[in-house]
Amino acid sequence: MTSSPQDVPFFELAMLHEEILDDLDVAWKSITRANAFIGGEIVETFEQRFADYQGAAHCVGVANGTDALEMILAGLDVGPGDDVIVPTNTFLATAEAVVNVGARPIFVDIDPDTLLITADAIQAAITPTTAAVMVVHLYGQMAAMDEIMPVCDAAGIAVVEDAAQAHGAEWKGQRAGTFGAAAGFSFYPGKNLGAFGDGGAVVTNDAELAARVRSIANHGRSTTDHYLHHVVGRNSRLDGLQGAVLNRKLDELDRWNGMRRANHATYVANLPAGAQPVAVRDDAVAVHHLEVVQVDDRVAVRDALAAAGIGSSIHYPVACHNQPAFAGSGSFSLPIAETSTERIISLPMFPHLNTAQVERVCAELTKIVG
Ligand SMILES: *Cc1c(COP(=O)(O)O)cnc(C)c1O
């Protein structure tokens, strides 16, 4: 099919990067001159600014979001013999982090309206071997943290926030990384705050945990003696070039998240009844990483959108507990996720998507689902 000017892409970044291109040239040159290719002053500046942005005390830049989650678990001594509760509706990397520290993911069902993990599901899944829960702030909305924290605190289990899709999102005025033990962020290029390659961060108020993660991420190295290794760690660090991109983009993040919010409001005002958007709670300020709606007959709707030149995607088409990678975890049903997984479509959503484009998507959907 040939593209037309009327087409609406699912996602694109060209206009966003055009806004800051000249500044990025300057920033990249400064990295070259400073010879600061891994870590260094610009990465440290970014770490402090991103910790401040999230309202937390510490930020450790790492190589990607999956490593961030895995090293939080390792820093909390979660490992073999431990169970970690994971919502089945998430990107597989959440569960991958659990498996990669030797622990076992215990998948739980989700809220039918927000499609997020709930305090009740966590409560029902806690056993004596539960060590932690991965609270995923999926699609840009934080889970109900003031309901989740008391349940986890009472049971003595650690809360790890997967905030890979939730940079700047709030629950009752508080951001990810300030509720649980720590939050893991991804700076994959398509995330709300994206690098020019892979990148990630651990954000926490726990100074000891931050120090442990920083050490693990740098070969278990002592902070005071370059050739002293207290533990066997790994190599998962943030590059200077990525730090420079992230530093400049952080200046614009609130504005870009605001553009996403405005697009979401246009969707809500114009979507037909047959395309139900994921609910946003009154206590949440969402950053709309994805615009997910539920429809009947998803295949036909996506085909009709494609025929109209409108991009779409699915996040995620198979719930984690039904992925072949987790076939060994036994066969059981998580009915809410299994139902929503068949009904969800991700519509175009990015800051520079304009109102006319959102209205066009809604008009086409109205023709399709009535
Ligand atoms: C992107 C993402 C991750 C993984 O981040 P990477 O930087 O790609 O490793 C983890 N969890 C969720 C929910 C994500 O969206």
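What counts and what doesn't
- Numbering of residues begins from 1 in every chain and follows the order in which that chain's sequence is written.
- Totals for whole chains, interfaces and linings use all residues, but because this is a predicted model, local features are given only for residues with pLDDT of at least 70 and pairs of side-chain atoms are given and counted only at 80 or more.
- Derived side-chain values reflect all non-hydrogen atoms in the structure, with water molecules and hydrogen atoms excluded from consideration.
- Lining residues are defined by having an atom within 4 Å of a point belonging to a cavity or pocket. Those points lie on a 1 Å grid over the protein atoms alone, cavities being sets where a 1.4 Å probe fits but cannot get out and pockets being open sets with protein on both sides within 12 Å along at least five of seven lines.
- Grid points are joined across faces, edges and corners, and a volume is the space filled by probe spheres set on the points.
- For this scheme, ten residues count as nonpolar: Ala, Val, Leu, Ile, Met, Phe, Trp, Tyr, Cys and Pro. Four count as charged, namely Asp, Glu, Lys and Arg, and the remainder, Gly too, count as polar.
- Here a residue is near a molecule or strand as soon as one of its heavy atoms is found within 4 Å of it.
- Any N or O atom pair separated by 3.5 Å or less is treated as a polar contact, with the protein-specific requirement of one donor-capable and one acceptor-capable atom, and with residues adjacent in sequence counted only for side-chain atom pairs.
- Surface accessibility follows the Shrake-Rupley procedure with a 1.4 Å probe radius. Residue values consider only the protein chains on display as shielding.
- Occupancy of a cavity or pocket is assigned to a molecule whenever over half of its atoms lie within 2 Å of that pocket's grid points.
- Runs of E in the DSSP output that reach at least two residues are strands. Runs of H or I that reach at least four are helices, and both are numbered from the N terminus.
- Criterion for a disulfide: a pair of cysteine sulfur atoms at a distance within 2.5 Å.
- Here a salt bridge means any side-chain nitrogen of Lys or Arg lying within 4 Å of a carboxyl oxygen belonging to Asp or Glu.
- Working definition: with a 1.4 Å probe on protein chains only, accessible area under 20% of the residue-type maximum means buried, over 50% means exposed, and in between means partly exposed.
- Note on contacts: a residue pair qualifies if any of its non-hydrogen atoms lie within 4.5 Å across the two residues.
- Any two of the Phe, Tyr and Trp rings considered here, Trp counted by its six-membered ring, make a pair once their centres fall within 6.5 Å; the pair's planes then place it as stacked at under 30 degrees, edge-to-face at over 60, or tilted in between.
- Distance and angle both matter: a charge sits over a ring if NZ of Lys or CZ of Arg is within 6 Å of the ring centre and within 35 degrees of the ring normal.
- Here a strand pair is declared whenever DSSP counts at least two bridges between the two strands.
- Lines fitted to the C-alpha atoms define the axes, with helices restricted to the stretch that makes contact. Angles between their N-to-C directions range from 0 to 180 degrees.
- Should an angle fall under 35 degrees it is taken as roughly parallel, and over 145 as roughly antiparallel, whereas 65 to 115 is taken as roughly perpendicular and any remaining angle as oblique.
- Handedness of a helix crossing follows the sense of rotation of the near helix relative to the far helix, less than a right angle counterclockwise being left-handed and clockwise being right-handed.

Undergrad: Looking at this structure, I do not really get empty space enclosed by the protein. What am I missing?
TA: Empty space among the atoms becomes visible once a probe the size of a water molecule is rolled across them. One pass over the structure, following the stated rule, counts 2 cavities of 30 Å³ or more. The calculated volume of the largest cavity comes to roughly 110 Å³. What lines the largest cavity is a set of 14 residues, and nearest its centre among them are Y139, V278, V280, H288 and L290. Residues that form the lining of the largest cavity fall into these classes: 8 nonpolar, 5 polar and 1 charged. For the second largest cavity, the calculated volume is near 60 Å³. Taken together, L13, L16, P189, K191, N192, G194, K249, W256, R260 and P351 make up the full set of residues lining the second largest cavity.

Undergrad: What exactly am I supposed to notice about the site of the ligand here?
TA: Around the ligand, a shell composed of 13 residues is seen, among which G65, T66, D162, S186 and K191 lie nearest. One nitrogen or oxygen atom from the side chain of Q165 is found 2.8 Å from an oxygen atom belonging to the ligand. A distance of 2.6 Å separates an oxygen atom of the ligand from a polar atom in the side chain of S186. In isolation the ligand exposes 380 Å². Once the protein is present, 92% of that is buried. Among the cavities detected, the one that contains the ligand is the largest pocket. Contributions of two or more residues to the shell around the ligand are made by helix 3 (65–75) and helix 4 (93–100). The class makeup of the residues in the shell around the ligand is 4 nonpolar, 7 polar and 2 charged.

Undergrad: I'm lost on the state of the cysteines in this one. Help?
TA: Defined simply, a disulfide is a covalent bond joining two cysteines at their sulfur atoms. The final tally for this structure, using the stated rule, is 0 disulfides. C320 carries a free sulfur, and the closest cysteine sulfur to it, the one in C152, is 19 Å from it.

Undergrad: Would you mind going over the pattern of salt bridges with me for this structure?
TA: Side chains that differ in sign of charge can pair as their charged atoms come close. The tally for this structure, following the rule as stated, stands at 18 salt bridges. One salt bridge in this structure joins K172 and D146, with 2.6 Å as the shortest N-O distance. Here K172 is found in the loop between strand 6 (170–171) and strand 7 (174–175), whereas its partner D146 is found in helix 6 (residues 145–155), with 26 residues between them in sequence. Across the pair K367 and E364 runs a salt bridge, and its minimum N-O distance is 3.2 Å. In this pair, K367 and E364 both sit in helix 12 (residues 355–369), 3 residues apart, roughly one turn of the helix. Its relative accessible area of 14% is what places E364 among the buried residues. Because the salt bridges share partners, they merge into one network encompassing E19, D23, R49, R248, D251, E252 and R255.

Undergrad: Quick question: what am I supposed to make of the environment of A275 here?
TA: Counting through the fold element by element, A275 comes out in the loop between helix 9 (253–270) and strand 10 (276–277). You can call A275 buried: its relative accessible area is 1%. With 192 residues separating them in the primary sequence, A275 and D83 have C-alpha atoms 37 Å apart. If near-sequence neighbours (up to four positions away) are discounted, A275 is found in contact with V293, Q294, V295, L365 and V369.

Undergrad: Hey, could you run me through the packing of aromatic side chains in this one?
TA: Each aromatic ring pair is summarised here by two numbers: the centre-to-centre distance and the angle between the ring planes. Tallying each qualifying case throughout the model produces 9 aromatic pairs. Feature note: the residues F46, F50, Y53, F185 and F187 constitute an aromatic cluster, connected by ring pairs. The residue whose ring lies beneath R175 is Y53, and the NZ or CZ to ring-centre distance is 4.4 Å.

Undergrad: Can you walk me through the layout of surface pockets in this structure?
TA: Here the largest pocket is characterised by a volume of approximately 490 Å³. Taken together, 26 residues form the lining of the largest pocket, with F91, Q165, Y188, K191 and Y316 sitting closest to its centre. Within the residue set of the lining of the largest pocket, elements represented by two or more residues are helix 3 and helix 4. Looking at the lining of the largest pocket residue by residue, the class counts come to 12 nonpolar, 11 polar and 3 charged. In this structure, the second largest pocket spans a volume of roughly 370 Å³. For the lining of the second largest pocket, the elements supplying multiple residues, two or more each, are helix 2 (41–54), strand 1 (58–62) and helix 7 (207–217).

Undergrad: What exactly am I supposed to notice about the sheet that holds strand 13 (residues 344–347) here?
TA: In sheet architecture, strand pairing relies on hydrogen bonds along the backbone and comes in two forms, parallel and antiparallel. The antiparallel open sheet is built from 3 strands, whose spatial order is 10-12-13. In this open sheet, the two edge strands, each paired with only one partner strand, are strand 10 and strand 13. In this sheet, strand 13 lies alongside strand 12 (residues 291–294) in antiparallel orientation, the contact comprising 4 bridges. Of the residues in strand 13, the one forming a bridge with Q294 is I344. Across the sheet, helix 11 (residues 335–343) touches strand 12 and strand 13, and the angle it forms with strand 13 is around 50°.

Undergrad: Before we go on, may I ask you to explain the packing of helix 9 against helix 12 in this structure?
TA: To describe two helices that pack against each other, one gives the angle between their axes and the distance between the axes. Axis separation between helix 9 and helix 12 bottoms out at 9 Å; the angle between their running directions is 30°. Of the possible angle classes, the one that applies to helix 9 and helix 12 is roughly parallel. Helix-helix and strand crossings are classified by hand; for helix 9 and helix 12 the assignment is right-handed. On helix 12, the residues touching N263, T266, Y267 and N270 of helix 9 are T355, V358, E359, V361, C362 and T366. Residue composition of the contact of helix 9 with helix 12, grouped by class: 4 nonpolar, 5 polar and 1 charged.

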